[in-house]
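# Tertiary structure, described
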Amino acid sequence: MEYSHDTISAISTPLGIGGISILRVSGTDAINVVSKIFTSKTDLIKQPSHKAIFGRILDSGKLVDEVIVTVFNAPHSYTGEDVVEISCHGSTFITNQILQILLRNTRLAEPGEFTQRAFLNDKIGLTQAEAVGDLLTAKTKISHLTALQQYEGSLRSRIEKLLTQLTDFRTQLELEIDFLEQDLDEIDNDNLINGLTSLNQELNQLAKTGEEGLIIKEGLKVSLVGAPNVGKSSIFNSFLETERAIVTPIPGTTRDYLEEVISLNGYLVRVFDTAGLREATDQIEKIGIKRSYEIIKDSHKVLFVIDGDENKKEYDTLSKLVDKNKIIKVLNKADKFDES
Ligand SMILES: Nc1nc2c(ncn2[C@@H]2O[C@H](COP(=O)(O)OP(=O)(O)OP(=O)(O)O)[C@@H](O)[C@H]2O)c(=O)[nH]1
Ligand SMILES: [Mg+2]
């Protein structure tokens, strides 16, 4: 992947009328470029990292907007480069005007280019970068957006069909009630009951597929669960291809859960690393374990990690909380078995 080192800028929030819009500038020249069009109490070049500062964007001395600017010094930024974020008033006109001023000295970022730089600077792993890319551009083979559109399209036609059937049954019934005394053909009760029964079944089926749509839209929630020290955080890190979670030989390392998004064949997967399950005495660990159970209950799939011992007690607790079909047993530290 080619990495051009020039300074790039773009509008980072959706265009439209809102409270604020954010423009992002990234690259070695970012602070310098913005400092030339921005006036405030302190010189932007001397502004400490990660601190917001109020000021004005000027174009040839004329006020464009009052803004809040935040500088993120490399490498502690999203892209790993110097980044400046400008929060301006959320009008399309103002936001575009500021972008045009920035583009005199920077290049317009390609879609996903900030994320590409984050990946190339080891700020995020490839699977994570792909997930962000999917969300932004929906370019992967089985794009989750395409899947979503297909899902919503077929859903609409199914609902329309059911609605027509339901209206038809209602009309038949109302006709029967309204013209009871008149000599109309009697409705076929068996036919009506059969029709309504199958309609009911189809509605129940439809309610179940609602879950599917939600998974495509918000991602499949997968949690890494198990006793302390079995290697949950190590697996989490290998999914993300970065050292996101702290890994140590000390049981009880992960206290609070961690959540990250990855892309698998274009589908969004939300992975959770959780605190190891045990009878904890430590106050903080206890809260962490309570949160682990909340994550477990909310997961679509639970990866129950074991490291050779049966971990029967944890499995029993787990299978009481979630449907057994949701649990996938993962045997970790396989290298240890090779030795023995
Ligand atoms: N030999 C071997 N060691 C591993 C493997 N996976 C993880 N470990 C080691 O096992 C120890 C615990 O790993 P972690 O990933 O922190 O385990 P955890 O399940 O997240 O632990 P807690 O956060 O305490 O619940 C670390 O020293 C890892 O290096 C593996 O496949 N083989
Ligand atoms: Mg851990």
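See the structure above.
Residues numbered from 1 in each chain as written. Chains lettered and ligands numbered in written order. Predicted model: local features only at pLDDT ≥ 70, side-chain atom pairs only at ≥ 80, totals over all residues. Heavy atoms only, no water.

In this section: the packing of helix 8 (residues 283-298) against helix 9 (residues 312-321). Packing of helix 8 against helix 9 leaves a shortest axis separation of 10 Å and a crossing angle of 50 degrees. Our classification of the angle between helix 8 and helix 9 gives oblique. As for how helix 8 packs across helix 9, the hand of that crossing is right-handed. Residues Tyr-293, Ile-296 and Lys-297 of helix 8 touch helix 9, and the partners they reach there are Thr-317, Leu-318 and Leu-321. For the contact of helix 8 with helix 9, a count of residues per class yields four nonpolar, one polar and one charged. (Axes fitted to C-alpha atoms, helices over the stretch in contact; angles between N-to-C directions. Helix = DSSP H or I, 4+ residues; strand = E, 2+ residues; numbered from the N terminus. Parallel < 35°, antiparallel > 145°, perpendicular 65-115°, else oblique. Left-handed = near helix turned anticlockwise from the far one by under 90°. Contact = heavy atoms within 4.5 Å. Nonpolar A, V, L, I, M, F, W, Y, C, P; charged D, E, K, R; others polar.)

Summarising the element assignment, Thr-79 is placed in the loop between strand 5 (62-72) and strand 6 (83-90). In this structure Thr-79 comes out as buried when scored by relative accessible area, which is 1%. In terms of polar contacts, Thr-79 uses its side chain to reach the backbone amide nitrogen of Glu-81, at 3.2 Å. The contact partners of Thr-79, leaving out residues within four places of it in the chain, are Ser-26, Phe-114, Arg-117, Ala-118, Asn-121 and Lys-123. (Buried < 20%, exposed > 50% of the residue type's maximum accessible area, 1.4 Å probe, protein only. Polar contact = N/O pair within 3.5 Å; in protein donor to acceptor, adjacent residues only side chain to side chain.)

Looking now at unusual backbone geometry. Cis geometry is adopted by the peptide bond preceding Pro-75, which originates at Ala-74 and carries an omega value of 0 degrees. Summarising the element assignment, Pro-75 is placed in the loop between strand 5 and strand 6. In the Ramachandran plot, His-50 falls in the positive-phi region, its phi being about 60 degrees despite a non-glycine side chain. Along the chain, His-50 turns up in the loop between strand 3 (38-39) and strand 4 (52-59). The partly exposed category is assigned to His-50, whose relative accessible area is 45%. Located in the positive-phi region is Lys-333, a residue other than glycine, with phi close to 55 degrees. On the secondary structure map, Lys-333 appears in the loop between strand 12 (327-331) and helix 10 (334-339).

A separate point is the site of ligand 1. For ligand 1, the set of nearby residues contains 20 residues, the closest of which are Lys-232, Ser-233, Ser-234, Gly-252 and Asp-335. For ligand 1, an oxygen atom lies 2.7 Å from a polar atom in the backbone of Gly-252. The side chain of Asn-332 places a nitrogen or oxygen atom 3.3 Å from a nitrogen atom of ligand 1. Out of a free accessible area of 660 Å², ligand 1 has 80% covered by protein chains. (Near = heavy atom within 4 Å. Areas by Shrake-Rupley, 256 points an atom, 1.4 Å probe, with all protein chains shown as cover.)

Counted under the stated rule, the structure contains two aromatic pairs. A ring pair is formed by Tyr-257 and Phe-272, whose centres lie 6.0 Å apart and whose planes are at 50 degrees; its orientation type is tilted. Of this pair, Tyr-257 sits in the loop between helix 7 (232-240) and strand 9 (258-264) while Phe-272 is found in strand 10 (residues 267-273), placing the two residues 15 residues apart along the sequence. According to the relative accessible area criterion, Phe-272 is buried, its value standing at 5%. Geometrically, the ring pair formed by Phe-304 and Tyr-315 is tilted, given 5.6 Å between the ring centres and 55 degrees between the ring planes. (Phe/Tyr/Trp six-rings, centres within 6.5 Å; stacked < 30°, edge-to-face > 60°.)

This brings us to the sheet that holds strand 2 (residues 18-26). Pairing within the open sheet is mixed, and its seven strands lie in the order 3-4-5-6-2-1-7. If you trace the sheet from one side to the other, it starts and ends with strand 3 and strand 7 (107-108), each paired once. Against the sheet, helix 2 (residues 92-102) contacts strand 1 (8-11), strand 2, strand 4, strand 5, strand 6 and strand 7, and its axis sits at roughly 150 degrees relative to strand 6. In the packing of helix 3 (residues 113-120) onto the sheet, the strands contacted are strand 1, strand 2 and strand 7, and the crossing angle to strand 1 comes to about 130 degrees. (Pairing = 2+ DSSP bridges.)

What follows is about the pairing of strand 6. It is a general feature of regular strands that their side chains alternate between the two faces of the sheet. Across the eight residues that make up strand 6, a large majority, six, are buried. As paired elements, strand 2 and strand 6 share eight bridges and run antiparallel to each other. Residue Ser-26 lies in a different strand from strand 6, and its bridge partner there is Val-83. Summarising the sheet, strand 5 and strand 6 pair through five bridges and their orientation is antiparallel. Looking across to strand 6, one finds that Val-71 is bridged to Val-84.

On to the coordination of the magnesium ion (ligand 2). Taken together, Ser-233 (OG) and Thr-254 (OG1) make up the full set of protein donors to the magnesium ion (ligand 2), lying 2.0 to 2.1 Å away. Taken as a pair, Ser-233 in helix 7 and Thr-254 in the loop between helix 7 and strand 9 lie far apart in primary sequence, 21 residues in all. Residue Ser-233 shares its accessibility class with Thr-254, and that shared class is buried. (Donors = N, O, S within 2.8 Å, 3.2 Å for Na, K, Ca; no water.)

So, about the pattern of salt bridges. A side chain with one charge can pair with a side chain of the opposite charge if their charged atoms come near. Per the counting criterion, the structure on display carries 16 salt bridges. The partner of Asp-6 in a salt bridge is Arg-117, with the nearest N and O atoms 3.0 Å apart. Here Arg-117 lies in helix 3 and Asp-6 lies in the segment before strand 1, a separation of 111 residues in the sequence. In this structure, Glu-113 and Arg-117 form a salt bridge, with 3.9 Å as the shortest nitrogen-oxygen distance. Of the two residues, Glu-113 and Arg-117 both sit in helix 3, four residues apart, roughly one turn of that helix. In this structure, Glu-113 and Arg-117 share a single accessibility class: buried. When salt bridges that share partners are traced, they join Asp-6, Glu-81, Arg-107, Glu-113 and Arg-117 into one network. (Salt bridge = Lys/Arg side-chain N within 4 Å of Asp/Glu carboxyl O.)

By themselves, these figures tell us nothing about what the structure is for.
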